[in-house]
Amino acid sequence: MPDWYKSAMNGLYAVLVAGVLLGLYVILMTLNKKTPVPEGCENLRPDCKACGIADCAVRVKYEEKEGANLK
Amino acid sequence: MEKKNGFLTELILNNPVFGLYLGICSALGITTALDNAVGMGIAVIIILTISNIVVSLIAPITPDEIHIPVYIVVIATLVTIVGLLMQAFMPSLYSTLGAFVDLIVVNCIILGRAEAYASSHNVKDSIRDGLMMGLAYTFAILAMSLIRQILGTGVLSLSNPLTQQTIFSLRLLPAGYEIPVLTSQTGAFLTFACLAAAVAAYKNSIDEKEAAAAKEAAKKAAADKAAKAKEAAAKAAAAKAAAAKAAAEKSSVKEGA
Amino acid sequence: MTIGSLFTILIGGMLINNIILARFIGMCPFMGVSTKLSSAVGMGIAVIFVVFGASVMSYLLYYFVLVPLNITYMRLISFILLIASFVQFVEMFIKKTSPSLYKSLGIYLPLITTNCAVLYVAIDNITQKYNLIETMVNSIGVPAGFMLVLVIFATIRERLSGNDVPKAFQGNPIAFVVAAIMAIAFGAFAGLV
């Protein structure tokens, strides 16, 4: 086997693995989105309103819902 | 970025580390020496800028549902590249930073900026934003590491990460006067608490000043209004008096006639 | 590998090299959800579960896919994608099977995707060259240490909220001072093993 063939296959494997994992993530994400939230859990809110961490996913959702700017 | 305040004020007030508590893991973990902070800062600036460029380029062609997975792959690829380069050319820095190089992937600043800014702005603005945020992060970890290194070891030194030659080494505190606890974990938390409190105090003072100015302005406006009302009242009174006088004069004239 | 070495890994991950107080990893959720005891417990359980599952899966992926294909440089990318997928799967699974569990943990699951603790444990298991059993032990010990500190910290912060703190220190800065004092206390575990 020539060298270039080996490295090309290596790169191909890398792209394939990344592609499979990315596909898995996207599929699971869409499935998760489709699954309805169980009853009584629609308005779950964390107890961390006062936290200063602007990036947390929960906080972003909360801001969207309440229209509150917590900065 | 608003151009209202000076560059430095902006860097302090909108600092992602002290103001918004983003990326605090690495800010606490690697700031024992100036070398680490410089290396980490440069790595973050490079990754943040390139990820902002790439994200702003691919954002228009990325379907909305899968944008987060795509951004994660972009950032992870960049971090892998930078990590491998570091391993090859600055092995000692790479081993001191340890897992924190890999953890740049989950550094909240980078994914946060990609989502909040780069995905909806053009390339030029995204580059500026990436540089600005990276500089603010670097500024924060430099401040932390300066305090911890000077007070903790008494010596300020910087070495070239490529050749490991010492660029300069200054003894700022006499031996025996340093505070070794600052180089430990406790020192990291304490230094961070004090700096975050200082930023908060600075913010509070600016807010208070603004509030005071607003109050003053409101007072002035009220005073102006009152003065105007008074003037108007005075005018009205004067007019009334004049009218009365005129009437009186008229009547007297009439009487005289 | 003996029971003794496994115990060393467990105690080392949980107390001596505590992920928050000694390694500063996972600070974001630590500062965010430590204001109330109930949320600290919920977050702690969610983190233990996700870290354990994701680490074991990352271990299998690394040694059975990446190493044979000679693409170990894909470690970071594949791990982060695997963790993100696993969190999505867990959330969906809990939604379908147990609404009551979702009620107590659901809100913390999305927080965990970008939690550095999960990625850190997965990578740490590889760099320390642990085998599968050691990986499992380490993946329980480290998040258990996270939960322990989170719960202790939440109880302290509940008390703290009623105190008169200088204005600049209110909120997170005083929490960091508390963390500094706790780091001194946990420093005493260093001589344990």
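Refer to the structure printed above.
Here the structure is a predicted model, which means the values were calculated and not measured. (Residues numbered from 1 in each chain as written. Chains lettered and ligands numbered in written order. Predicted model: local features only at pLDDT ≥ 70, side-chain atom pairs only at ≥ 80, totals over all residues. Heavy atoms only, no water.)

Enquirer: Would you mind showing me how to read the interface of chain C and chain B here?
Expert: Where interface size is quoted, it is often the accessible area lost as the parts come together. Taken together, the contacts link 32 residues of chain C with 33 residues of chain B. At the boundary of chain C with chain B, total buried surface from both sides reaches about 2900 Å², with 82% on carbon and sulfur atoms. Looking at the side of chain C facing chain B, the largest losses of area belong to Phe24(C), Leu76(C) and Phe176(C), adding up to 24% of the total buried there. The interface formed by chain C and chain B contains two salt bridges. Across the chain C-chain B interface, the total number found is two residue pairs in polar contact (both at pLDDT 80 or more). (Contact = heavy atoms within 4.5 Å. Buried area = accessible area lost by both parts, 1.4 Å probe. Salt bridge = Lys/Arg side-chain N within 4 Å of Asp/Glu carboxyl O. Polar contact = N/O pair within 3.5 Å; in protein donor to acceptor, adjacent residues only side chain to side chain.)

Enquirer: What is the right way to read the pattern of salt bridges from this model?
Expert: When their charged atoms lie close together, side chains carrying opposite charge are able to pair. Taken as a whole, this structure holds four salt bridges over all chains when the rule is applied. The shortest N-O distance in the salt bridge between Asp102(B) and Arg75(C) comes to 3.1 Å. Of this pair, Asp102(B) sits in helix 6 (residues 99-102) while Arg75(C) sits in helix 4 (residues 75-97), which puts the two residues in different chains. The buried category is assigned to Asp102(B), whose relative accessible area is 9%. Here Glu208(B) and Lys167(C) are joined by a salt bridge, their closest N and O atoms 3.7 Å apart. In this pair, Glu208(B) is assigned in helix 9 (residues 185-256) and Lys167(C) in the loop between helix 8 (132-160) and helix 9 (172-187), connecting two distinct chains. Overall, Glu208(B) belongs to the partly exposed group, its relative accessible area being 48%. (Helix = DSSP H or I, 4+ residues; strand = E, 2+ residues; numbered from the N terminus. Buried < 20%, exposed > 50% of the residue type's maximum accessible area, 1.4 Å probe, protein only.)

Enquirer: Quick question: what am I supposed to make of unusual backbone geometry here?
Expert: Of all residues except glycine, most have a negative phi; of all peptide bonds, most are trans. Residue and element names in this part refer to chain C. The backbone of Phe24 sits at a positive phi, close to 60 degrees, despite the residue not being glycine. Positionally, Phe24 belongs in the loop between helix 1 (3-16) and helix 2 (27-32). For Phe24, a relative accessible area of 5% gives the class buried. The residue Lys129 is not glycine, and still its phi comes out positive at about 55 degrees. For Lys129, the position within the fold is in the loop between helix 7 (116-127) and helix 8. Judged by relative accessible area, Lys129 falls into the exposed class, the value being 69%.

Enquirer: Mind showing me how you'd approach the environment of Tyr63(C) here?
Expert: All names here are of chain C. As for its placement among the helices and strands, Tyr63 is situated in helix 3 (residues 37-66). What makes Tyr63 partly exposed here is its relative accessible area of 29%. Once the C-alpha coordinates of Tyr63 and Asn138 are considered, the two residues, 75 residues apart in sequence, prove to be 17 Å apart. Among all residues touching Tyr63, those that are not within four sequence positions of it are Pro68 and Ile126.

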